Amino acid sequence: MSLNQKVVFLHIPKSAGTSFHLLLTRHFGDQEVCPIRNRRIDQMDDSTLASYRLFSGHYFFNQIERIPEPKIMLTILREPKSRIMSLYNFHRSFRSDRIPNIVALGYDSPRYAKELTLVEYLRCPDYSVRVNTDNAITRYLVGLDFADSNGQWIVSDDTALNLALTRLQTFDGIGLVEKAQQSLRKFETILSLSFPEQMPFHNDFASLSLRSDFEKVEPAVIDDQAEEELERMTRIDQKVYAWAAENFFAPDDICPQRPFEKPLSHFVTC
């Protein structure tokens, strides 16, 4: 990584993005880090975009295309069903009185997760829910140009899949939450930076209630109806994830967990 190169991290929600963002920012000055970490990056003009070296946020592919070259593009994927469950449980944990502040900052409202059952949530037609549940991995990779104003796909599943895989191949590095240690080693090589031996996961579900913005909730239970909806909501994402795992990691390239770590499915990294 040379001084004139920019680093762009496409943070798909609930895929260890906050953890990796914190690791990345250690290597950049405050003035080098783009302060916009959500879809409002569209509001930045070209000259402002050019003034930063690190971009890390919940961006869509068509938004990061505007970031000037030369740039190194990275992303991390997570097993699709686990990602949705992490999102739902995370949003349910927010205190109701904190939700207006979240919306004011430009992030999607957790209100629906707090008010709806898991099945109702997965069927919710609201844009802020659909954009993060209905094959969201594919959606972030494809961009905003292939869905209508309500978040409904306007292309076939096959077209969306082909677009996602085409875009994914333009990234310099792809990591997997389930193979976090190996992902960090790959990113180290690409960026010529040093990262910890293990990914330090943040926003552990078990400890959320200890923070002022959250309250204790029980993890949602997946019944048959919910499983059917999860399958529908990840029908394309599962193929994208499988392609990334097959093409970027060896079959036995499994990240061993430390004895004191919980299984990754219990983490709700944002």
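Above this note sits the structure.
Heads up: these notes are all about the structure in this document. Every value quoted in this text rests on a predicted model; they were computed, and no experiment measured them.

### Side note on the packing of aromatic side chains
Under the definition given, this model contains 11 aromatic pairs. Taking 6.3 Å as the distance between ring centres and 90° as the angle between the ring planes, the aromatic pair formed by Y52 and F55 counts as edge-to-face. You can call F55 buried: its relative accessible area is 0%. Taken together, the ring pairs in this structure connect F9, F20, F187 and F195 into an aromatic cluster. For the cation-ring pair, R111 lies above Y112, with the distance from its terminal atom to the ring centre recorded as 4.5 Å.

### Considering the nonpolar core
Counting 38 residues, the largest nonpolar core has F55, I64, L77, L141, L168, F171 and V240 as its most contacted members. For this core, the elements supplying multiple residues, two or more each, are β1 (6-10), α3 (61-64), β3 (71-77), α9 (136-142), α10 (157-168), β4 (173-176) and α13 (237-248). If you tally residues by element for this core, the top one is α10, at 6 residues. Not counting chain neighbours up to four residues away, the residues in contact with F55 comprise K6, V7, V8, F9, C34, I41, L49 and I67.

### A look at the side chain of N135
Inspection of the secondary structure puts N135 in the loop between α8 (127-133) and α9. Judged by its relative accessible area of 0%, N135 is buried. Polar contacts involving the side chain of N135 include one to the main-chain amide nitrogen of R235, which spans 3.1 Å. Beyond its immediate chain neighbours, meaning those up to four positions away, N135 contacts W153, R232, M233, T234, R235, I236 and D237.

### Some points on the environment of L230
Examined against the element boundaries, L230 turns out to sit in helix α12 (residues 224-233). Separated by 95 residues in sequence, L230 and N135 place their C-alpha atoms 9.6 Å apart. Leave out the neighbours within four places in its chain, and L230 touches K81, I84, M85, L122 and I222.

### Some points on the pairing of strand β2 (residues 54-57)
Of the two faces of β2, the one lined by L54 and S56 and the one lined by F55 and G57 are each fully buried. With 4 bridges joining them, β1 and β2 adopt parallel strand pairing. Across the sheet, residue V8 finds its bridge partner in β2, namely F55.

### Quick word on the sheet that holds β2
Across the sheet, 4 strands lie side by side as β2-β1-β3-β4; this open sheet has parallel pairing. Looking at which strands have only one partner, the edges of the open sheet turn out to be β2 and β4. The average undirected angle you get between the axes of adjacent strands in this sheet is 15°. Taken together, the 4 bridges between β3 and β4 define a ladder with parallel strand orientation. Pairing of T75 across the sheet is with I174, part of β4.

### Remarks on the environment of E231
Among the secondary structure elements, E231 is positioned in helix α12. Among the residues examined, E231 registers a relative accessible area of 36% and is labelled partly exposed. Taking the C-alpha atoms as reference points, E231 and P80, separated by 151 residues in sequence, lie 9.3 Å from one another.

### Some remarks on the packing of α10 against α13
Packing of α10 against α13 leaves a shortest axis separation of 10 Å and a crossing angle of 30°. On the basis of their axis angle, the class for α10 and α13 is roughly parallel. Considering how the two elements wind past one another, α10 and α13 form a crossing that is right-handed. For the pair formed by α10 and α13, the contact residues are L161, A164, L165 and L168 on the first element and K239, V240, W243 and A244 on the second. The residue makeup of the contact of α10 with α13, split by class, is 7 nonpolar, no polar and 1 charged.

### With respect to the packing of helix α4 (residues 80-92) against α12
Interaxial distance between α4 and α12 falls to 9 Å at its minimum, and their mutual angle equals 115°. Taken as axis vectors, α4 and α12 run roughly perpendicular relative to one another. Like other packed secondary-structure pairs, α4 and α12 cross with a definite hand, here right-handed. Where α4 approaches α12, its residues K81, I84 and M85 are matched on the opposing element by E227, L230, E231 and M233.

Cut-off values and rules
Residues numbered from 1 in each chain as written. Predicted model: local features only at pLDDT ≥ 70, side-chain atom pairs only at ≥ 80, totals over all residues. Heavy atoms only, no water. Phe/Tyr/Trp six-rings, centres within 6.5 Å; stacked < 30°, edge-to-face > 60°. Buried < 20%, exposed > 50% of the residue type's maximum accessible area, 1.4 Å probe, protein only. Lys NZ or Arg CZ within 6 Å of the ring centre and 35° of its normal. Core = buried A, V, L, I, M, F, W, Y, C linked by side-chain atoms within 4.5 Å. Helix = DSSP H or I, 4+ residues; strand = E, 2+ residues; numbered from the N terminus. Contact = heavy atoms within 4.5 Å. Polar contact = N/O pair within 3.5 Å; in protein donor to acceptor, adjacent residues only side chain to side chain. Pairing = 2+ DSSP bridges. Axes fitted to C-alpha atoms, helices over the stretch in contact; angles between N-to-C directions. Parallel < 35°, antiparallel > 145°, perpendicular 65-115°, else oblique. Left-handed = near helix turned anticlockwise from the far one by under 90°. Nonpolar A, V, L, I, M, F, W, Y, C, P; charged D, E, K, R; others polar.

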